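Fold and contact review
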Amino acid sequence: MKKNFDKCLQMLLVHEGGFTADKFDPGNDGDGYGNQGSTNMGVTAKTYAAYTGQPAPIEVMKALTFDDIAPIYKQNYWDRARCDDLASGLDWSVFDWQVNSGNRSSKALQKIVGAKPDGAIGPKTLQAIGNYEARELIEKMHSSRQVFYSSLKTFSRYGKGWTRRNNETLEAALHMLE
């Protein structure tokens, strides 16, 4: 829903937290310029370097501000998943997972509604989404996300946090329906 990006970004940043340099984080693989991987407010060095076209060493990553990362989230995740075209609550469910696991959320949503799971939300997917109640889609997204997390080799290290995040996303998404 168009008016939800700012609200969803604020909720996302609660999940994402501040600066980290976790060498075990599979999404934290450096910036492509030979700099060690780091993350700030959920944006990896690799993502920031790709967005800016500049290296993202740790000192740059530590200094990121909300104004630096908000456009990245809008362009790379919210807009790419067509969240402005989704019902309130469903937009949050898709966005949070999109940030956490790439276009896996778009593919999961497409599978749920019977569209081609190519990760590109287009007119056919949006039409198929229209055949479902938002609550049902949110609940199915939650289940799909948990199955995905449970299948990962790193679940023993990160599973408790991922499960908490998934449950919090479900709760907030359902609340947004009211």
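Residues numbered from 1 in each chain as written. Predicted model: local features only at pLDDT ≥ 70, side-chain atom pairs only at ≥ 80, totals over all residues. Heavy atoms only, no water.

**Observations regarding the overall build of the protein chain**
Scanning the protein chain from terminus to terminus reveals nine helices and two strands. Taken from the N to the C terminus, the helices and strands of the protein chain come in the order α-β-β-α-α-α-α-α-α-α-α. For the protein chain, whose C-alpha radius of gyration is 16 Å, the value lies close to the compact-globule estimate of 16 Å for 178 residues. Projected onto its principal axes, the C-alpha positions of the protein chain cover 45 × 35 × 30 Å. Counting all 178 residues of the protein chain, 48% fall into the buried class. The long-range fraction of contacts in the protein chain, counting pairs at least 24 apart against all pairs at least 6 apart in sequence, stands at 56%. With an accessible surface of roughly 9,200 Å², the protein chain has 51% of that area assigned to carbon and sulfur atoms. Each charge class in the protein chain was averaged separately, 22 positive and 21 negative side chains, and the resulting centres sit 6 Å apart. (Helix = DSSP H or I, 4+ residues; strand = E, 2+ residues; numbered from the N terminus. Rg over C-alpha atoms; globule rule 2.2 N^0.38 Å. Buried < 20%, exposed > 50% of the residue type's maximum accessible area, 1.4 Å probe, protein only. Contact = heavy atoms within 4.5 Å. Areas by Shrake-Rupley, 256 points an atom, 1.4 Å probe, with all protein chains shown as cover. Lys, Arg positive; Asp, Glu negative; His and termini not counted. Charge placed at Lys NZ, Arg CZ, Asp CG, Glu CD.)

**Thoughts on the packing of aromatic side chains**
Any two aromatic rings considered together are summarised by their centre-to-centre distance and by the angle between their planes. Tallied over the entire structure, the rule returns nine aromatic pairs. Between K74 and the ring centre of F5, over which it is positioned, the NZ or CZ distance is 5.8 Å. (Phe/Tyr/Trp six-rings, centres within 6.5 Å; stacked < 30°, edge-to-face > 60°. Lys NZ or Arg CZ within 6 Å of the ring centre and 35° of its normal.)

**Observations regarding unusual backbone geometry**
Backbone geometry places M41, a non-glycine residue, at a positive phi of 55°. A positive phi angle is found at R82, which is not glycine, with a value near 60°. Of note, R82 is situated in the loop between helix 4 (66-79) and helix 5 (90-101).

**Considerations on the environment of D67**
Inspection of the secondary structure assignment puts D67 in helix 4. We classify D67 as exposed; its relative accessible area is 63%. Along the chain, D67 and S88 lie 21 residues apart, while their C-alpha atoms are 24 Å from each other.

**Quick look at the side chain of D96**
Mapped onto the elements of the fold, D96 is located in helix 5. One polar contact links D96 to R165, side chain to side chain, over a distance of 2.9 Å. Not counting the four nearest positions on each side in its chain, D96 is found in contact with L12, H15, R145, R165 and T169. (Polar contact = N/O pair within 3.5 Å; in protein donor to acceptor, adjacent residues only side chain to side chain.)

**A closer look at the nonpolar core**
Counting 49 residues, the largest nonpolar core has Y73, L90, F95 and L109 as its most contacted members. Among the elements of the structure, helix 1 (5-16), helix 2 (45-52), helix 4, helix 5, helix 6 (104-113), helix 7 (123-129), helix 8 (134-151) and helix 9 (155-177) are those that each provide at least two residues to this core. For this core, the element with the most residues is helix 9, which contributes seven residues. Those residues in contact with F95, other than ones at most four positions away along the chain, are F5, C8, L9, L12, Y73, Y77, W78 and C83. (Core = buried A, V, L, I, M, F, W, Y, C linked by side-chain atoms within 4.5 Å.)

**Observations regarding the pattern of salt bridges**
Pairs can form between side chains of opposite charge whenever their charged atoms are close. Applying the stated criterion across every chain, the model contains nine salt bridges. Among the charged side chains, a network of salt bridges with common partners joins E16, D96, R145 and R165. (Salt bridge = Lys/Arg side-chain N within 4 Å of Asp/Glu carboxyl O.)

**Quick word on the packing of helix 2 against helix 4**
The angle between the axes and the distance between the axes are what describe a pair of packed helices. Contact geometry of helix 2 with helix 4 gives a least axis separation of 11 Å together with a crossing angle of 85°. By the angle between their axes, helix 2 is roughly perpendicular relative to helix 4. Taken together, the residues of helix 4 that come into contact with helix 2 (itself represented by T47, Y48 and Y51) are D68, P71, I72, Q75, N76 and Y77. Residues that form the contact of helix 2 with helix 4 fall into these classes: five nonpolar, three polar and one charged. (Axes fitted to C-alpha atoms, helices over the stretch in contact; angles between N-to-C directions. Parallel < 35°, antiparallel > 145°, perpendicular 65-115°, else oblique. Nonpolar A, V, L, I, M, F, W, Y, C, P; charged D, E, K, R; others polar.)

**Details of the side chain of N166**
Mapping N166 onto the fold places it in helix 9. In this structure N166 comes out as buried when scored by relative accessible area, which is 2%. At a separation of 3.0 Å, a polar atom in the side chain of N166 contacts the main-chain carbonyl oxygen of H142. Leaving out residues up to four positions away in the same chain, N166 has contacts with H142, R145, Q146 and Y149.

**Observations regarding the environment of E171**
As for its position among the elements, E171 is in helix 9. Its relative accessible area of 60% is what places E171 among the exposed residues. Taking the C-alpha atoms as reference points, E171 and G89, separated by 82 residues in sequence, lie 9.4 Å from one another.

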